[in-house]
Structures are given as structure tokens and as C-alpha cells.
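Take a look at the letters that make up each chain.
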Amino acid sequence: MSNRIIKKVAVLGSGVMGSRIACHFAGIGLSVLLLDIAPKELTDAEKAKKLSIDHPSVKNRIVNDALAAALKSNPSPVFNKDVVKRIRTGNFTDNMKDIASCDWTIEVVVERLDIKQSIFIEVEKFRKPGTLITSNTSGIPIHMMAEGRSEDFKKHFCGTHFFNPPRYLRLLEIIPTVYTDKEVVDFLMHYGDLYLGKTTVLSKDTPAFIANRIGVFGIMAILNAMEKLKLSVDEVEALTGPIIGRPKSATFRTADVVGIDTLIKVAKGIAENCPDDEAREAFSIPNWLEKMVSNNWIGDKSGQGFFIKKKGEKGDKEIYSLNLETFEYAPRSRPRFAAVEAAKGVDDLKQRLKMLVAGQDKAGEFYRKFHNSLFSYISHRIPEISNEIYRLDDAMQAGFGWEIGAFESWDALGVAKTVDAMKTAGDSVAPWVDEMLAAGNPSFYKIENGKRLYYDIPTKKYIATPGAESFIIMSNNSDKIIWKNSACRLYNLGDEVLGLEWYTKMGSIGSEVLEGINKGISVAEEKYKGLVIANEGPQFSAGANVGMIFMYATEQEYDELDLAIRMFQNTMMRVRYSAIPVVVAPHGLALGGACEMSLHSDKVQAAAETYMGLVELGVGLIPGGGGTKEFALRAADEMHPGEPETITLQNRFLTIGTAKVSTSAFEAFDLGMLRRGTDEISMNQSRRIADAKKAAIELYDAGYTMPLQRNDIKVLGRSGLGMLYAGINGMFRGNYITEHDVKIAQKLAYVMCGGDLSEQSLVSEQYLLNLEREAFLSLCGEKKTLERIQSVLKGGKPIRN
């Protein structure tokens, strides 16, 4: 691979996708030039200001308004507020020449071939030879866009299909043409993975590429099964969401978000452009769906689709669902199916799928029909849309949020058994599947030596996924477990590094997880170089087990509660003070105790999408696992001569006091939860465990020694308390916080200031931990704190009392 360096990117088109792609590139530190058309008419406001059509603010109005709208959107397209400083806007008329300084130009204009081709004519006038040029089209054939372009343009041109929103959806399809240089393809596959944090999937230049081809078929298959079984919208939503490892938006909520008109457009495009597709009839649009579009009931962008928000009987807004027979909306129902009820308690998705497909009710029949048609379809798409099966699974997981891919689901249900059932039901399978089974290969994937291998059709052998050495999946190392309990597993990750994972609900941290951390450190200290703490659940951890806290507090078992808090604090201090480096690799939610664990580690290797915070005040407590102590310590270290000593303390106090949660790992640096120069970010979440292992080895090889416990932490005593108490009182008088909030905030202030000391003092970590634990225990005895915890345990938000 050549030493191609990307410093500046031009994004042509500032619509919903273009503006957000620009934000993502800027988010990883690149300079971005965002261009769009210049308007042809003045607005009334511009006329009132007597501006001309050639005024810079007029010519850049479209691009500037689009970027401003993107920055205000939710979820945010940027990692932190500073990202926008790296984006410069302009228009095609004045600024197309500026792409000459860009290393990569990506086209994101309207989905019309003629318009894209006219843009590329202009691009070719100014683009520097040898630089990348790609299109974000979601369906226009890539080779058609390259027609008429120069040889250098064609060599460096391909499709780069991001999914919306590009910051959050991890799929990036790379679609080369016959002219695309292999070096360009290899570079984009690597760059998208390592720097953009994407699951890069190599796709053939076929209609809808991979993810939309399979994803839209999946939706149409669900609609067909729904009609045959006479299921309602609410019933289908209950059957096709998290229960089968799909997003909460399931089928119809997803359609409303994407746009029903968009769904129909893609489905019709596949039917028209894939005459040899054996399942072409599945893409026929039902009359009721056409009627929805003619009514302009196309989803969120029109205000109603399969769902609509209406005022309920109590005056609150409620979600109503569409009855497809009467075409009237009614309050959402909560349908129940025996198969679903039986499977709900099963955490393992693969086991759950087996139970659901075996169900003897209407749900089981639905699952059999849907999976049979899906498996038939994906088998026939090889090698049409991809030569390798794993690319289809990667695309569906990263682009549509499937927990496991379609071939992996097929494995879970048993390939041979399912093929027999499919043939009995009249669903065909591609000949290569029969050949695979006949040769004694029973599955599409298998695990060997901790690596996942996939069945390669041309060679009829199992081979490793390319680049798999850059990823560590702990659960693939079941033959390397050296210790476990009912919540944790401790693995040998190789190269003398251990890995600890746990698999509790929401990653909650209870006594067994604490046991696992202590055990992992002890074993590592005996004969290993370091310990990586991570897991592969949907979230790293939502924090400590508040159910246990609630139980001890309500039963007034304060000695047991004191012991539990001491154990948590001692474990966090063990993370900080051990003979080997401990690297924590969080992703998703890292709240409460999980944040405290990260604060005490030697290094944090966080996924870019890590949402970190000390949120205990939301349930009427203060951070009790060393978080309050650690923020007081960091506040002291951040005090600089010549600056008011209370500033850093106040900032740290407010971060805990308002239960701030970072919106990304980048913002966690701004909030002081991650340390600049020490902690790092893995843009690709799938790389973070391998990156953490590498970091542990580097720390060990650099001569790691156990740090000394601190006894020089400067606390402000009464002078700090006075300042913080005054602020708390002001919030109370302004009706921003309740009387109980005041009590919690004062406890927090007391700990962070080192107690009621008459003057500034130097104290130890243990001194602050003792204050923290005492404050935590006292709040556990408060009735209103228990009410807040109970509200959370019931699945609601903390009540304001």
C-alpha cells in the first residue's frame, strides 16, 4: 500500500448526508471543504438588507444553512463543539477550484446521474491528479458515473456509500469499478476502518449494493409474511425488534425514519434493475403501501406514516399505529405471543432464535416464513453481490444494526436442518450450500485458535477473515479461559496479556464482577504483563448494581452496605495500584461505577462512541466507588498559580452535580474524565480491545512500576465549602433544584473540599475515600433517595423529589 496521506477532504453537496459526512471527517481531525450550489434568488431577508445575488453570504447561504441545521440536529453529528472550526464552506461557482488542495473529493449531490456527471466534469478541471474521487450514491451504478472521465479519474474513482447518520452507523460500502486501481480500493478499505471507525465492506457494483439489497428484501419479506398471516403493525413490531437481535425501531419505525417513499424507491429500483433476481416478485409494492404514499403518509418527514403522535385521553402525546385494513390510527397495543414470552428470559440470542423458530403459535410460523425466505435470498446473492459470505453479515450488522448477520443466524438454527425445512416449504437454496453440506462442512463459520473462519466457496475451505489479526473478540477464545465465575471470564489474550470480560444485564457491576477484577489483577501480577478490562455487550456498563444497594438500604443492612462500598472502593484502588498495567477499554455507556473504573485505570482505550459520566446524583447519591475522590484529586492537580483555586474545583463539582454524560469519548476529555496525553480513542470500536492489549504491552515494556498512593491532595476546606454552598443555595432559591437535591449537593461539596477544615490542607486518597463512603451511606438512609432508586429500578427516570 502506498504512503497516501489524507489531510484535507472536499465534500460536494451539503444536504442531510453531505453536511454530516463533512462533520465526521472534521471530527477525526481533517480539514474539510464543504461546497454546494449558489442560490438563484434572494430571500426576503436578503432583499431587506439590499444584498446582491453575488454577495458572499448569499452565495453561501445554502451550504451555511445546511451545516447549521446539521449541527443543531439530534443526535449530534459532531464529537464535540470544536469540530466545526475545521470545516470551511463555499459554493460550486467560486470554490470548486479549491479542491485542487484536497486529497480526497467525495460527491454527495442529489441522486440523479446527469447532475452527478455534470459535477464530475467540473471536478476534473480542478482536481489534482492522483487524488481520490468518490461518490456517496446509494444506488446509481458506479461505472456509469465514471463514463467519459479521464484515465487518472477512473483509476482513483469508486463508490463510498456511508449510511445515515454517518457518525453513528458504522457501515461504509466500498464499490470499485473495473477501472479502479487496486491500491485505491485497499487504501479506502483500510482508511475507513482505522481512521473513520467504519466496518468497511467491499461490494460489487450491483443495484443497491449489499446492505440495501438484503435489508430492503428483508423488509419486503416481512410485509409478505405479515399479509399471509394477517398480522398487525404492532404485532410485527413486537416480533422484529430486539427479541431477534434487531434495533428497537424494528420494521415499521425504521421505515418511518428512513422514509416510506425512499423504501419504495429502492424496492422498485431493485425490481427494475435485477431482471434475473429469482425473488423479484418479493419487491412488488402492496396496494396499501402505495396508498400510504399517495396520502403523503411517508413517515417522520411528513409527520405520519405507520405511526403518528396524537394527544391521548389525558392530554399527553401518545403514539398511535396505523390499522392497515381500516386505514385509521389507534393507540398502540402490546401484543403477546407464547413463543416470544417463553424466549424473553433467554439472554443468548442464538438460543433465543432457536426457541422462536420452533414456536408452535403464529409467531413461530412468522419466524419460519421470514427466515426461510431470507436464507434463500442470501444464498442466491453469492457471488452476485459479493464473493464472500462474511461481507453480507458485516454489512447488515453495521448498516442495519443487526446483532448477528444472516449467515450467522442460519448457523445458529442449524444449516442442514433449516435447509431441509426450507425445501419442504418450497424455498430454494443455492447449489453451493448443498455442496458445502455434502462435503461435510456443517456451518458457514467456525472458531479455531480464537479466530473466526468463514467458508470460502471457490476453495471449499474455511479461511480467516482478512485483517482479523487487528481485532480481538474475547468470546472467540473459549479455549483460553483461565478462570471464570457466573458473571465473568478471564482469558489469556496471548503475548502475556490477560483479558477480563463480564456479561451481566446492561454490564452492571456487582460483587462477582468486582471478584473478577481482583482475580484478574492477582493472576496477572503472578506471571503476565498486563490486564485488559473490556466486554462485548451492547454497552460497557450502566454502572454499579443499584438493586443491591436498594435491597441493603431498605432492609437497613448498613453494615453489609458499608462492606459492599468498601469492596468497590478497594477494587478501584486495586485497579490504580497494582504491579501490572491495567487498561480499561469502554464503549457505549460507561456510567457510574464503570466511569470510576476508567478513572482509576493506568490507561483508557475508549471507543469513539463512549458515553461516560458520574450519574449517581440522579438517584440521590454521590459517586461512592472513588469517583468523588478522583475528581477532587484531579481538581487539585489542575490548580495553577495565579488562577482562583476554586475554579477547577467548581468545574469538577458541577460535572458530578449535574450528572453530565459525555456525548463521545472526545467530549470525555473536555469533561476531565479522560486524561490528555494518557488515554486514547479507538475510532473503530472493534479495534479497541486489540489496541488496549497493545497499550498494556507498551506500558509494561517501558518499565511499568506500581504508582505510590497520593497523600498530597490539596483540599480547600471551609473556603471551598462557602463558595459551593452559596452556589447550591442560589440554585435552590431559583427553584432549579429540590430540597433533597440541596442535601445531596452539600454532601458532594463536603467530600470534594475535604470536609469542614479551617484551612487549606494536604490529605490522602484514603482520607477522601472515607469521607466519600460516609456521605454515600448517609444518603442511602434517606427515604427520598430510596424513592429515586426504586423509580429507576422500575424502568423509569429518577423522580424529582
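Residues numbered from 1 in each chain as written. Predicted model: local features only at pLDDT ≥ 70, side-chain atom pairs only at ≥ 80, totals over all residues. Heavy atoms only, no water.

## Quick notes on the overall build of the protein chain
Move 1: Broken down by element type, the protein chain carries 33 helices and 25 strands.
Move 2: Taken over C-alpha atoms, the radius of gyration comes to 28 Å for the protein chain, in line with the 28 Å a tight globule of 801 residues would show.
Move 3: When its C-alpha atoms are laid out on the principal axes, the protein chain stretches across 80 × 75 × 65 Å.
Move 4: Burial statistics for the protein chain: of 801 residues in total, 54% are counted as buried.
Move 5: Sequence-distant contacts in the protein chain: of pairs separated by 6 or more residues, those separated by 24 or more amount to 69%.
Move 6: A total of about 34700 Å² of accessible surface is found on the protein chain, and carbon and sulfur atoms cover 51% of it. (Helix = DSSP H or I, 4+ residues; strand = E, 2+ residues; numbered from the N terminus. Rg over C-alpha atoms; globule rule 2.2 N^0.38 Å. Buried < 20%, exposed > 50% of the residue type's maximum accessible area, 1.4 Å probe, protein only. Contact = heavy atoms within 4.5 Å. Areas by Shrake-Rupley, 256 points an atom, 1.4 Å probe, with all protein chains shown as cover.)

## Re the side chain of E235
Move 1: Relative to the helices and strands, E235 is located in helix α11 (residues 233-239).
Move 2: The buried charged residue E235 lacks any salt bridge partner; its closest oppositely charged side chain belongs to K362, at an N-O distance of 5.4 Å.
Move 3: Among residues more than four places away in sequence, those in contact with E235 are K230, P335 and F337. (Lys, Arg positive; Asp, Glu negative; His and termini not counted. Salt bridge = Lys/Arg side-chain N within 4 Å of Asp/Glu carboxyl O.)

## Description of the packing of aromatic side chains
Move 1: Under the criterion given, the structure shown has 28 aromatic pairs.
Move 2: Ring geometry for F407 and F444: centres 4.9 Å apart, planes at 65 degrees, overall edge-to-face. With F407 in helix α19 (residues 406-413) and F444 in the loop between α21 (431-438) and β12 (445-448), this residue pair connects regions lying 37 residues apart in the sequence. Across this residue pair, the class does not change: F407 and F444 are buried.
Move 3: The structure contains a cluster of three or more aromatic residues connected by ring pairs, namely F25, W104, F162, F187, Y191 and Y195.
Move 4: Lying across the ring of Y445, R452 places its NZ or CZ 4.0 Å from the centre.
Move 5: A cation over a ring is seen here: R687 above F471, with NZ or CZ 5.3 Å from the ring centre. (Phe/Tyr/Trp six-rings, centres within 6.5 Å; stacked < 30°, edge-to-face > 60°. Lys NZ or Arg CZ within 6 Å of the ring centre and 35° of its normal.)

## Things to note about the nonpolar core
Move 1: Formed by 94 residues in total, the largest nonpolar core has its most connected members in M292, F306, Y367, F407, W410, W432 and F444.
Move 2: Broken down by element, this core gets its largest block of residues, 12 residues, from helix α10 (residues 211-229).
Move 3: Within the second largest apolar cluster, 84 residues are counted, among which are W483, L514, V575 and A594. (Core = buried A, V, L, I, M, F, W, Y, C linked by side-chain atoms within 4.5 Å.)

## Comments concerning the pairing of strand β3 (residues 87-91)
Move 1: Extensive coverage of β3 is indicated by the burial of 4 of its 5 residues.
Move 2: Pairing of strand β2 (residues 31-36) with β3 involves 5 bridges; the strand directions are parallel. For L34, the partnering residue across the bridge sits in β3 and is T89. (Pairing = 2+ DSSP bridges.)

## Things to note about the sheet that holds strand β19 (residues 582-584)
Move 1: Judged by pairing direction, the sheet is mixed, and its 7 strands sit side by side in the order β15-β16-β17-β18-β19-β21-β23 without closing on themselves. Of all strands in the sheet, those with a lone pairing partner are β15 (481-484) and β23 (680-682), marking the two edges. For this sheet the average axis-to-axis angle between neighbouring strands, irrespective of direction, equals 20 degrees.
Move 2: Of the strand pairs in this sheet, β19 and strand β21 (residues 603-607) are connected by 2 bridges, and their pairing is parallel. When the sheet's bridge partners are listed, V583 is paired in β21 with K603. (Axes fitted to C-alpha atoms, helices over the stretch in contact; angles between N-to-C directions.)

## Observations regarding a negative patch on the surface
Move 1: Together, E555, E557, D559 and E560 make up a negatively charged patch on the protein surface.
Move 2: Note that E557 resides in the loop between α23 (546-554) and α24 (558-576).
Move 3: Judged by relative accessible area, E557 falls into the partly exposed class, the value being 35%. (Patch = residues over 30% accessible without salt bridge, like charges linked within 9 Å, V, L, I, M, F, W, Y side chains within 5 Å. Charge placed at Lys NZ, Arg CZ, Asp CG, Glu CD.)

## A few points about the sheet that holds strand β14 (residues 461-464)
Move 1: Strand order in the open sheet formed by 3 strands is β12-β13-β14, and the pairing between neighbours is antiparallel. Only two strands of the sheet have a single partner each, and these edge strands are β12 and β14. Adjacent strand axes in the sheet meet at a mean angle of 40 degrees when their direction is disregarded.
Move 2: Examined bridge by bridge, β12 and strand β13 (residues 451-456) share 4 bridges and lie antiparallel to one another. Residue I447 lies in a different strand from β13, and its bridge partner there is R452.

## Observations regarding the pattern of salt bridges
Move 1: Taken as a whole and judged by the stated rule, the model has 50 salt bridges.
Move 2: With its nearest N and O atoms 2.6 Å apart, the salt bridge here joins D186 to K182. With D186 and K182 both in helix α9 (residues 182-194) and 4 residues apart, the pair spans about one turn of that helix.
Move 3: The exposure class of K182 is exposed, given its relative accessible area of 59%.
Move 4: Each member of the salt-bridge network shares a partner with another, and the members are R213, D277, E278, R381 and E384.

## Here we look at the pairing of strand β11 (residues 328-331)
Move 1: Here strand β10 (residues 317-323) pairs with β11 via 4 bridges, running antiparallel. Each bridged residue has a counterpart across the sheet, and for S321 the counterpart in β11 is A330.
Move 2: Between β10 and β11, which pair antiparallel one after the other, the connecting turn spans 4 residues, and F327 there sits at a positive phi close to 60 degrees.

## Structural notes on the packing of α10 against helix α13 (residues 260-273)
Move 1: Contact pair α10 / α13: the axes reach a minimum separation of 10 Å and the direction vectors enclose 105 degrees. Relative to α13, the element α10 lies roughly perpendicular. Listed contacts from α13 to N212, R213, V216, I219 and M220 of α10 are L263, V266, A267 and I270.
Move 2: Across the contact of α10 with α13, the residue classes tally to 7 nonpolar, 1 polar and 1 charged. (Parallel < 35°, antiparallel > 145°, perpendicular 65-115°, else oblique. Nonpolar A, V, L, I, M, F, W, Y, C, P; charged D, E, K, R; others polar.)

## Focus: the environment of M597
Move 1: Note that M597 resides in helix α25 (residues 593-600).
Move 2: M597 sits in the buried class, given a relative accessible area of 0%.
Move 3: It is 8.7 Å that separates the C-alpha atoms of M597 and T571, two residues lying 26 residues apart in sequence.
Move 4: Excluding residues that lie within four positions of it along the chain, M597 makes contacts with W502, I509, I517, I533, F540, M572, V575 and V584.

## Things to note about the state of the cysteines
Move 1: In total, this model carries 0 disulfides according to the counting rule given.
Move 2: Just so you know, C595 is unpaired, no disulfide at all, and the nearest cysteine sulfur is the one on C780, 19 Å from it. (Disulfide = S-S within 2.5 Å.)

## Quick word on unusual backbone geometry
Move 1: The omega angle of the peptide bond from N74 to P75 is 5 degrees, so this bond is cis rather than trans.
Move 2: Counting through the fold element by element, P75 comes out in the loop between α4 (61-72) and β3.
Move 3: Residues I382 and P383 are joined by a peptide bond in cis, for which omega reads 5 degrees.
Move 4: Mapped onto the fold, P383 is located in the loop between α17 (362-380) and α18 (389-400).
Move 5: Of note in this structure, E496 is not a glycine but carries a positive phi near 65 degrees.
Move 6: Here E496 is to be found in the loop between β16 (488-492) and β17 (497-502).
Move 7: Phi at M506 is positive, roughly 60 degrees, even though this residue is not glycine.
Move 8: Looking at the secondary structure, you find M506 in the loop between β17 and α22 (511-527).

Honestly, that's just the spatial picture; any functional story needs more than this.
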